[in-house]
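For reference, the chains in residue letters:
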Amino acid sequence: MICFPNAKINIGLRILDKRPDGYHNIESIFYPVGWCDALEAVEKDGEGKIKLNLSGIPVPGRRDSDNLCVKLYKLLAKNYKLPSLDIWLHKSIPIGAGLGGGSSDAACFIKLLKELCNLTISENEMKGYVAQLGSDCVFFIENKPVIASSKGEVTEAIDLDLSNYFISIIYPEIPISTPFAYSLINSVNEGYSLRRLASVKKIKEWKDNVINDFEAPIIEKYPAIGEIKQKLYEKGAIYAAMSGSGSAVYGIFEGKVDMHEHFPSYKIWSGDLKIPQ
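A brief look at the structure comes next.

Thresholds, definitions, all that
- Residues numbered from 1 in each chain as written.
- Predicted model: local features only at pLDDT ≥ 70, side-chain atom pairs only at ≥ 80, totals over all residues.
- Heavy atoms only, no water.
- Helix = DSSP H or I, 4+ residues; strand = E, 2+ residues; numbered from the N terminus.
- Buried < 20%, exposed > 50% of the residue type's maximum accessible area, 1.4 Å probe, protein only.
- Polar contact = N/O pair within 3.5 Å; in protein donor to acceptor, adjacent residues only side chain to side chain.
- Contact = heavy atoms within 4.5 Å.
- Core = buried A, V, L, I, M, F, W, Y, C linked by side-chain atoms within 4.5 Å.
- Phe/Tyr/Trp six-rings, centres within 6.5 Å; stacked < 30°, edge-to-face > 60°.
- Lys NZ or Arg CZ within 6 Å of the ring centre and 35° of its normal.
- Pairing = 2+ DSSP bridges.
- Axes fitted to C-alpha atoms, helices over the stretch in contact; angles between N-to-C directions.
- Parallel < 35°, antiparallel > 145°, perpendicular 65-115°, else oblique.
- Left-handed = near helix turned anticlockwise from the far one by under 90°.
- Nonpolar A, V, L, I, M, F, W, Y, C, P; charged D, E, K, R; others polar.
- 1 Å grid on protein atoms, 1.4 Å probe; cavity = no way out; pocket = protein on both sides within 12 Å on 5 of 7 lines; lining within 4 Å.
- Points joined across faces, edges and corners; volume = space filled by probe spheres on them.
- Salt bridge = Lys/Arg side-chain N within 4 Å of Asp/Glu carboxyl O.

## A look at the side chain of Ser-247
Of note, Ser-247 is situated in the loop between strand S10 (239-242) and strand S11 (249-253). Judged by relative accessible area, which is 0%, Ser-247 ranks as buried. In this structure the side chain of Ser-247 is engaged in a polar contact, spanning 2.5 Å, whose partner is the backbone oxygen of Ile-174. Among all residues touching Ser-247, those that are not within four sequence positions of it are Gly-96, Ala-97, Gly-98, Ile-170, Tyr-171, Pro-172, Ile-174, Ile-176, Ile-225 and Met-242.

## Digging into the nonpolar core
Judged by nonpolar contacts, the single largest core of 54 residues is most densely connected at Ile-11, Leu-162, Ile-169, Trp-206 and Leu-232. Only strand S2 (6-18), strand S3 (24-36), strand S9 (166-171), helix H6 (194-197), helix H9 (223-234), S10, S11 and strand S12 (267-272) provide two or more residues apiece to this core. Counting 39 residues, the second-largest nonpolar core is a separate cluster that includes Leu-39, Ile-121, Cys-137 and Ala-148.

## Side note on unusual backbone geometry
The step from Gly-246 to Ser-247 runs through a cis peptide bond, and the omega angle for that step is 15°. In this structure, Asn-143 is a non-glycine residue whose phi angle is positive, near 60°. Residue position: Asn-143 is located in the loop between helix H4 (139-142) and strand S7 (146-149). A relative accessible area of 10% means that Asn-143 is categorised as buried.

## Quick notes on the packing of aromatic side chains
For the structure shown, the criterion picks out six aromatic pairs. Here the aromatic residues Phe-30, Phe-139 and Phe-140 are joined through ring pairs into a cluster of three or more. Positioned over the ring face of Phe-30 is Lys-8, at 5.2 Å from the centre of the ring.

## Regarding the sheet that holds strand S1 (residues 2-3)
The four strands lie next to each other as S1-S4-S6-S5, forming an open sheet whose pairing is mixed. Both outer strands of the open sheet, S1 and strand S5 (50-56), are each paired with one neighbouring strand and no more. Taken together, the seven bridges between S5 and strand S6 (residues 83-91) define a ladder with parallel strand orientation. What sits directly across from Ile-50, in S6, is Leu-85. Along the sheet face, helix H2 (residues 101-116) touches S1, strand S4 (38-47), S5 and S6 and points at about 145° away from the line of S6.

## A look at the sheet that holds S3
The strand order across the open sheet built from four strands is S2-S3-S7-S8, with neighbouring strands paired in antiparallel fashion. Whereas interior strands pair on both sides, the edge strands pair on one side only; in this sheet they are S2 and strand S8 (154-157). For this sheet the average axis-to-axis angle between neighbouring strands, irrespective of direction, equals 25°. One ladder, built from four bridges, connects S7 with S8; its direction is antiparallel. Residue Ser-149 lies in a different strand from S8, and its bridge partner there is Val-154.

## Digging into the environment of Pro-276
Position of Pro-276 relative to the elements: it lies in the segment after S12. Using a relative accessible area of 17% as the deciding quantity, one classes Pro-276 as buried. Once residues within four sequence positions are removed from consideration, Pro-276 is found in contact with Asn-6, Pro-32, Val-33, Gly-34 and Asn-143.

## Here's the deal with the packing of H2 against helix H3 (residues 123-131)
Geometrically, a packed helix pair is captured by the angle between its two axes and the distance between the axes. Where H2 contacts H3, the axes come no closer than 10 Å and their chain directions differ by 135°. Taken together, the axes of H2 and H3 lie oblique to each other. The two elements H2 and H3 cross, and the hand of that crossing is right-handed. Here Ala-106, Ala-107, Ile-110, Lys-111 and Lys-114 of H2 come into contact with H3, specifically with Met-126, Tyr-129 and Val-130. In terms of residue class, the contact of H2 with H3 is built from six nonpolar, no polar and two charged.

## A word on the layout of surface pockets
If you add up the space inside the largest pocket, you get close to 1400 Å³. Every residue lining the largest pocket is counted, 49 residues in all, and those nearest its centre are Ser-103, Gly-134, Ser-135, Asp-136 and Thr-178. Secondary-structure elements contributing two or more residues to the lining of the largest pocket are S2, S3, S5, helix H1 (68-77), S6, H2 and helix H5 (178-183). Here the lining of the largest pocket gets four residues from one element, more than from any other, and that element is H2.

## Some remarks on the pattern of salt bridges
All told, the structure shown has 13 salt bridges when counted by the stated rule. Across the pair Asp-37 and Lys-91 runs a salt bridge, and its minimum N-O distance is 2.6 Å. Here Lys-91 lies in strand S6 and Asp-37 lies in the loop between S3 and S4, a separation of 54 residues in the sequence. Taken individually, Asp-37 and Lys-91 each receive the classification buried, so the pair is uniform in this respect. Here Asp-105 ties to Lys-91 by a salt bridge, and the two come within 3.1 Å at their closest N and O atoms. In this pair, Asp-105 sits in helix H2 while Lys-91 sits in strand S6, placing the two residues 14 residues apart along the sequence. Look at Asp-105 and you get buried, because its relative accessible area is 3%.

Below is the structure:
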């Protein structure tokens, strides 16, 4: 059985305040995009064992036990009788890019396991499992545009349809960990409401009003990220921004675009903004 976990972008990201548990409260719009990994699972004899096979983008310095799909399998195996599995994960979504690739893999895997193993598990129960693995995993269970709050695991559906627009996502080969990005934050944000601006009718206002609070300190550290954003605007983007804690930068356009000639040494994905199925 095979599935194709897709990425997401952040449209704005406000860092509101630091929580007693050391994490931060945020507000962000999560929007699914069509840049996908591929994940296949095949049953084998026995039960309770999983073997991970990786291909595609290298995953440097990580053990199988660190992979979110492996962690998810072990969490579920505490409460469900699971067959032993061989899984093949082909990574296409860049790692450390702010696109949620690992979180999407885990969320897609629990949906795959529900079908493959005939698990009696509700959507809310699936969210509970994946929330233990990462703050944005919950989003990928429903995989529809949301306003995310708390650490990113509290989601509320919003009516935001960008299907008539196109996107180009540029990854400058600069992996950035979320803890490192937060280490650059010295103050929290007050002011604008993403909820008020979460409308296609207001997309032309996004450039000056919808801000990712990670962007300025990350660009100060890595100027190439700011140069990508500026180039996207020069090539006609209505809105351009860094996604999540970086380092991928995307531009939203009114027509199809091909950015390969402008960024020949970077990974690029371009396509429409229809919700992945």
